Amino acid sequence: MQIVIQPDAQAVARYGAAAIIRQIRQHPASVLGLATGATPILLYQQLITAYQHGEVSFQAVKTFNLDEYIGLAATHPQSYRYFMQHHLFNHIDIQPENTAVPEGDAADPLLACEQYEQKIMAAGGIDIQLLGIGRNGHIGFNEPSSGLRSRTRIKTLTQQTIADNARFFAPGEYQPHLSITMGIGTILDARKVLLLATGKAKAKAVKAMVEGPLSASCPASALQLHQQATVVLDEEAASDLDQLAFYRHIEQENAALLRRLNRD
């Protein structure tokens, strides 16, 4: 797991966006796994700006989102499909048919889960999966106790996740307690993983993910098993890490190596 520490949330977003742009430039028909929530919004703004400046095209890109609330139509303002349209898809040149988000209002949610897995496989798998992390260590909606080999499925949200997401819903508005989410096994199948975390509220979960044991009690700790997982943190999110100085040293060594390779 590569740990990258940036000074603030904007720098985290720039680093993450640069990694995705680099992926698309190298492979224009890349398959991206995308995330919702507050953390990736700044990254999506960076991608939109890069597209507007002619630095990247999404014409051949395919995307698969991590999750969706069960019971919300795609047009609902709190659905993750609506989120993606508003924060990214409507502002770039991606083909609408190449954007996939789980169907929260599917007549048969179990079948929708199976079909989502099949669509990912048919696309050739995910090249780079973007993730955030919940305060309880969840990735996607894989809450604590999720199986480390789980596939796309229906998942009940914890009370903490419901409380954390309540700010997005108006008082008295229906807030789903169930979701469809890619499983941890599905996420680990991605060729690369890019997890972003910002703010002091994420520090405890980040420490459990990076330095704690591999455990279903912290689903994000499964990324310890991934061969190309990059974790990008701001100073606050990294503040509880015991080996903080070592991670900074590794990044300095990596940067020096890249400079030497570029000179050669």
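Report on the accompanying structure.

What counts and what doesn't
- Residues numbered from 1 in each chain as written.
- Predicted model: local features only at pLDDT ≥ 70, side-chain atom pairs only at ≥ 80, totals over all residues.
- Heavy atoms only, no water.
- Pairing = 2+ DSSP bridges.
- Helix = DSSP H or I, 4+ residues; strand = E, 2+ residues; numbered from the N terminus.
- Axes fitted to C-alpha atoms, helices over the stretch in contact; angles between N-to-C directions.
- Contact = heavy atoms within 4.5 Å.
- Expected span 1.5 Å × (residues − 1).
- Buried < 20%, exposed > 50% of the residue type's maximum accessible area, 1.4 Å probe, protein only.
- Patch = residues over 30% accessible without salt bridge, like charges linked within 9 Å, V, L, I, M, F, W, Y side chains within 5 Å.
- Areas by Shrake-Rupley, 256 points an atom, 1.4 Å probe, with all protein chains shown as cover.
- Salt bridge = Lys/Arg side-chain N within 4 Å of Asp/Glu carboxyl O.
- Right-handed = clockwise from strand over helix to strand, strands pointing away.
- Phe/Tyr/Trp six-rings, centres within 6.5 Å; stacked < 30°, edge-to-face > 60°.
- Parallel < 35°, antiparallel > 145°, perpendicular 65-115°, else oblique.
- Left-handed = near helix turned anticlockwise from the far one by under 90°.
- Nonpolar A, V, L, I, M, F, W, Y, C, P; charged D, E, K, R; others polar.

1. Description of the sheet that holds strand E8 (residues 178–181)
Pairing within the open sheet is antiparallel, and its three strands lie in the order E4-E8-E7. Each edge of the open sheet is held by one strand with a lone partner, namely strand E4 (67–69) and strand E7 (153–156). For this sheet, the mean inter-axis angle between neighbouring strands, taken without regard to orientation, is 30 degrees. Relative to E8, E4 is paired through three bridges, and the arrangement is antiparallel. The residue bridging Glu68 from the neighbouring strand is Ile180, located in E8. Together, E7 and E8 form the strand contacts of helix H4 (residues 109–122), whose direction differs from that of E7 by roughly 120 degrees.

2. Quick notes on the sheet that holds strand E5 (residues 99–100)
A sheet is described by the order of its strands in space; here seven strands give the open sequence E1-E10-E9-E6-E2-E3-E5, paired in parallel fashion. Of all strands in the sheet, those bounded by a partner on one side alone are strand E1 (2–6) and E5. Relative to strand E6 (residues 128–131), strand E2 (residues 31–34) runs parallel, the two being bridged by two bridges. Its bridge partner being in E6, Gly33 is matched across the sheet by Gln129.

3. Focus on helix H8 (residues 244–263)
Here H8 is 20 residues long and its end C-alpha atoms lie 29 Å apart, about the 28 Å a rise of 1.5 Å per residue gives. All of the buried residues in H8 are Leu244, Tyr247 and Ala256. Of the surrounding secondary structure, the elements contacted by the buried residues of H8 are E1 and helix H7 (203–211).

4. What to know about a nonpolar patch on the surface
Taken together, the side chains of Leu110, Ile154 and Leu178 present a nonpolar region at the surface, about 250 Å² in accessible area. Within the element layout of this structure, Leu110 appears in helix H4.

5. Points about the environment of Tyr51
With respect to the helices and strands, Tyr51 occurs in helix H2 (residues 41–52). Separated by 30 residues in sequence, Tyr51 and Ile21 have C-alpha atoms that sit 9.5 Å apart. In this structure Tyr51 touches Val56, Phe58, His91, Ile92 and Asp93, once residues within four positions along its chain are discounted.

6. Looking at the pairing of E2
Side-chain alternation along E2 places Val31 and Gly33 on one buried face and Leu32 and Leu34 on a second face that is also buried. Summarising the sheet, E2 and strand E3 (residues 62–65) pair through four bridges and their orientation is parallel. Bridge pairing links Gly33 to Phe64 in E3. Considered for its hand, the β-α-β crossover made up of E2, H2 and E3 is right-handed.

7. Remarks on the packing of aromatic side chains
Any pair of aromatic rings gets described here by the distance separating the centres and the angle formed by the planes. Within the structure shown, the criterion is met by six aromatic pairs. Plain terms: the ring middles of Tyr69 and Phe141 are 5.6 Å apart, the flat faces sit at 45 degrees to each other, and that makes the pair tilted. You can see Tyr69 sitting in strand E4 and its partner Phe141 sitting in the loop between E6 and E7, a full 72 residues away along the chain. The two residues Tyr69 and Phe141 agree in class, both being buried. With a centroid separation of 6.4 Å and 45 degrees between ring planes, the pair formed by Phe246 and Tyr247 is classed as tilted. Linked through ring pairs, Tyr69, Tyr80, Phe141 and Phe169 together constitute an aromatic cluster.

8. Re unusual backbone geometry
Positioned with a positive phi, Ser145 is a non-glycine residue whose angle comes to about 90 degrees. Its location among the elements puts Ser145 in the loop between E6 and E7.

9. Describing the packing of helix H1 (residues 9–26) against H2
Relative orientation of the contacting elements H1 and H2 amounts to 55 degrees, with a least axis distance of 8 Å. In terms of axis orientation, H1 runs oblique to H2. Crossing of H1 over H2 shows right-handed handedness. Contact with H1, carried on its side by Ala9, Gln10, Ala13, Arg14, Gly16, Ala17, Ile20 and Ile21, involves Leu42, Leu43, Gln46, Leu47 and Ala50 of H2 and no other residues of that element. The residue makeup of the contact of H1 with H2, split by class, is nine nonpolar, three polar and one charged.

Geometric descriptors of this kind do not, in isolation, establish any biological role.
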